[in-house]
Structures are given as C-alpha cells and as structure tokens.
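Chain residues, written in single-letter form:
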Amino acid sequence: MIPELSNPSVCMRDPERVHEILQSMAKSGSNTVQVISDFDMTLTRFAHNGKRCPTCHNILDNSKLISDDCKEQLKELLNTYYPIEIDSSRSIDEKLPLMVEWWTKAHELLVQQKIRKDLLAKVVQESDAMLREGYQLFFDHLHEHSIPLLIFSAGIGDVLEEVIRQAGVFHPNVKVFSNYMDFDECGVLRAFKGELIHIYNKREGALLNTGHFQELRARPNVLLMGDSLGDLTMADGVQQMENILKIGFLNDKVEERKQSYLDSYDIVLVKDETLEVPNAVLLYLT
Ligand code: C5P
Ligand code: MG
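Residues numbered from 1 in each chain as written. Chains lettered and ligands numbered in written order. Predicted model: local features only at pLDDT ≥ 70, side-chain atom pairs only at ≥ 80, totals over all residues.

- Per an unreviewed UniProt entry, the recorded name for the protein chain is 5'-nucleotidase, and the organism is Seriola lalandi dorsalis.
- The Function (unreviewed entry) field of the UniProt record for the protein chain holds the comment "Specifically hydrolyzes 7-methylguanosine monophosphate (m(7)GMP) to 7-methylguanosine and inorganic phosphate. The specific activity for m(7)GMP may protect cells against undesired salvage of m(7)GMP and its incorporation into nucleic acids. Also has weak activity for CMP. UMP and purine nucleotides are poor substrates." (UniProt positions renumbered as here; feature names shortened; annotations may be inferred.)

Quick word on the environment of Gly230
For step 1, the next point in the chain: Following the sequence through the fold, Gly230 ends up in the loop between strand E9 (221–226) and strand E10 (243–250).
For step 2, the next point in the chain: In this structure Gly230 comes out as buried when scored by C-beta crowding, with 21 C-beta atoms within 10 Å.
For step 3, the next point in the chain: Separated by 32 residues in the primary sequence, Gly230 and His198 place their C-alpha atoms 8.9 Å from one another.
For step 4, the next point in the chain: Residues in contact with Gly230, not counting those within four places in the same chain, are Ile199, Tyr200 and Lys202. (Helix = DSSP H or I, 4+ residues; strand = E, 2+ residues; numbered from the N terminus. Buried ≥ 20, exposed ≤ 12 C-beta atoms within 10 Å, placed from the backbone. Contact = placed C-beta atoms within 7 Å.)

Some details on the sheet that holds strand E5 (residues 149–156)
For step 1, the next point in the chain: Overall, mixed pairing links the seven strands, which are arranged E1-E11-E10-E9-E2-E5-E6 in an open sheet. This sheet does not close on itself; its edge strands, each paired only once, are strand E1 (10–11) and strand E6 (174–179).
For step 2, the next point in the chain: Two strands pair when backbone bridges link them, and E10 and strand E11 (residues 267–270) are joined in this way by four bridges, in the parallel orientation. Looking at the pairing, Ile247 lines up with Ile267 of E11. (Pairing = 2+ DSSP bridges.)

Considering the packing of helix H3 (residues 68–85) against helix H4 (residues 92–112)
For step 1, the next point in the chain: Contact geometry for H3 and H4: axes closest at 10 Å, N-to-C directions at 165°. Judged by the inter-axis angle, H3 sits roughly antiparallel to H4. Seen along the crossing, H3 lies across H4 with a hand that is left-handed. Side by side, H3 and H4 meet where Cys70, Gln73, Leu74, Leu77, Tyr81, Ile84 and Glu85 of the first sit next to Lys95, Leu98, Met99, Trp102, Lys105, Ala106, Leu109 and Gln112 of the second.
For step 2, the next point in the chain: By residue class, the composition of the contact of H3 with H4 is ten nonpolar, two polar and three charged. (Axes fitted to C-alpha atoms, helices over the stretch in contact; angles between N-to-C directions. Parallel < 35°, antiparallel > 145°, perpendicular 65-115°, else oblique. Left-handed = near helix turned anticlockwise from the far one by under 90°. Nonpolar A, V, L, I, M, F, W, Y, C, P; charged D, E, K, R; others polar.)

As for the site of ligand 1
For step 1, the next point in the chain: Close to ligand 1 lie 17 residues; Asp40, His57, Ala106, Ser153 and Ala154 are nearest.
For step 2, the next point in the chain: Listing elements by their share of the shell around ligand 1, those giving two or more residues are helix H2 (56–61), H3, H4 and E5.
For step 3, the next point in the chain: Considered class by class, the residues forming the shell around ligand 1 number eight nonpolar, six polar and three charged. (Near = placed C-beta within 6 Å.)

Here it is, written out as structure tokens:
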C-alpha cells in the first residue's frame, strides 16, 4: 500500500491496524486531516555524520550569546538530565519533577544572560540546526493541500520559528505551541511567557489551547509525530477524534526503549534521519 513502510528503519507492532487507520483516513479525505508534530529530534535531525544536532535550547546554549561560565553550567545540566529523560528504567512520574527542574534551571540561566532578541536570527544561522531530510516536501505538501500543521514543542518558540523561517517553510498553515521568550522594552530577555511546556505536560498544554482544536473540529483525523513518549499526549485537545496515526522516531537507546515505543506508537522509525515515511503517508492521504 505504501512501499516506504517496508523500509528497514520501520517497525510496527500491528501492521494490519496501521493499514486500517490509513485506509479509514484516506477514505475521509485530506480535508479532514490535521498534523500535530513535536519539533526537536522529530522535525529536526538527531545526528548528522555521527555528530549530534542541536535542540532549540542547545542552539542558544552553544552560541556566542552565552558566557563560557554559563555554557559550562548548561552543559552540566544537559549531562545530568538528558540521561534521565531517556532512561527507560524510570517511570514518567519519577522523571516529571526532574524534567521540570531541568527546564526551570536552564531558563533561569538563559534569563541571566540578557539575551538580545535582535541577535537570535544570526545565532540560528550560525548554528548546526538541521531539519530532517525531506523537510521541504513535508512542509510544502501540507501547505499545498491546506492541511494544518501544529508544531508542539517543549523547546523555545522564538528559536524554532527562526529555524523554519530560515529554511523557507514557515507557511501560513503552520501554528506553534511552545515556550516563548518575554523581552523587555530594550529587546532583552527578561523571562519566559506563560505556563512552562516541558516534555511531560503536553497534555495540559493541549487542553489550555481548546480554541485551536475547536477551529479544527472539521478535521478529526490526526497524524501525530514525536520522538518522546511525552509527545503521545499532544493530540489530547482534539475533539471527537476519528482516527489517529502515531509515528515515533526512536533516535537513542534503541534496544532499551524499542518495546515501549512499539507499544505506544503505530509506526516506529529506528535511527531514521529522514521524513521519507511521514511524506509517503501524506502522499497516500492526499
Ligand atoms: O521540541 P521538543 O518538545 O522535542 O523539545 C524538547 C527537547 O529539548 C527535549 O527532548 C530535551 O532533550 C531538550 N532540552 C534541551 N535543553 C534543555 C531542556 C530540554 O536540549 N534545557
Ligand atoms: Mg522532541
């Protein structure tokens, strides 16, 4: 049905079920579909030529906007908390307060650095941020078919927007829920706006944005894409959902985490740095 589903990176617990969901969604038509995707390590690459690619936070952490001393502290936070994020031996309940701690400490450090809004574009330009191969087709295809794309990220909205703007794919059908920076009248970072979005509270974030999902109530068929088990709740605000197809990128600690990903995502893409499979699914649906 979709030849790309036989790619070596593709794993499915129940291929029959995937086919059923796809058929049902295709039958309803592309005007009933919406896409909800995570950003870091889902739309962006996890690694390139053996080197890790940066998250939104890392783009700032590694930039010239941050003092050497602060860089050290941010790196220490990453070295402490990232292994916890991907630790399959701990439950989400156990990890949640630690993740809040990571985000809170990192945001406090960033605010201390008096980051200037007008330098963000340059910092993104000079970074190693990379969208996954096939991103152009992904964004352009959704735009051409007027399919709404919600990017739901626990990263930094201002940085994320700049990445997609510079890639030329920040089309009008794209909406972003994320952590946005609050700048003072001189354009200097003074805080982060609103409720913190971290890796395990996307459900609460979705439920705060009922207006968005209300607008899209004629689109009860959802394609969800993520790289963390926390991303599975991004569609919890969708009303009267008919079908949901969940595609999960499994980038790191593959063996330990494979079973839990297979249990919760319909399609698991193992160490796949491309958007080939999501693109093939979208082509099938349109
Ligand atoms: O866009 P997404 O929701 O994936 O963003 C969250 C990611 O940002 C997490 O997977 C985490 O590893 C990363 N992160 C980071 N530095 C922080 C906090 C989170 O790189 N200070
Ligand atoms: Mg992610």
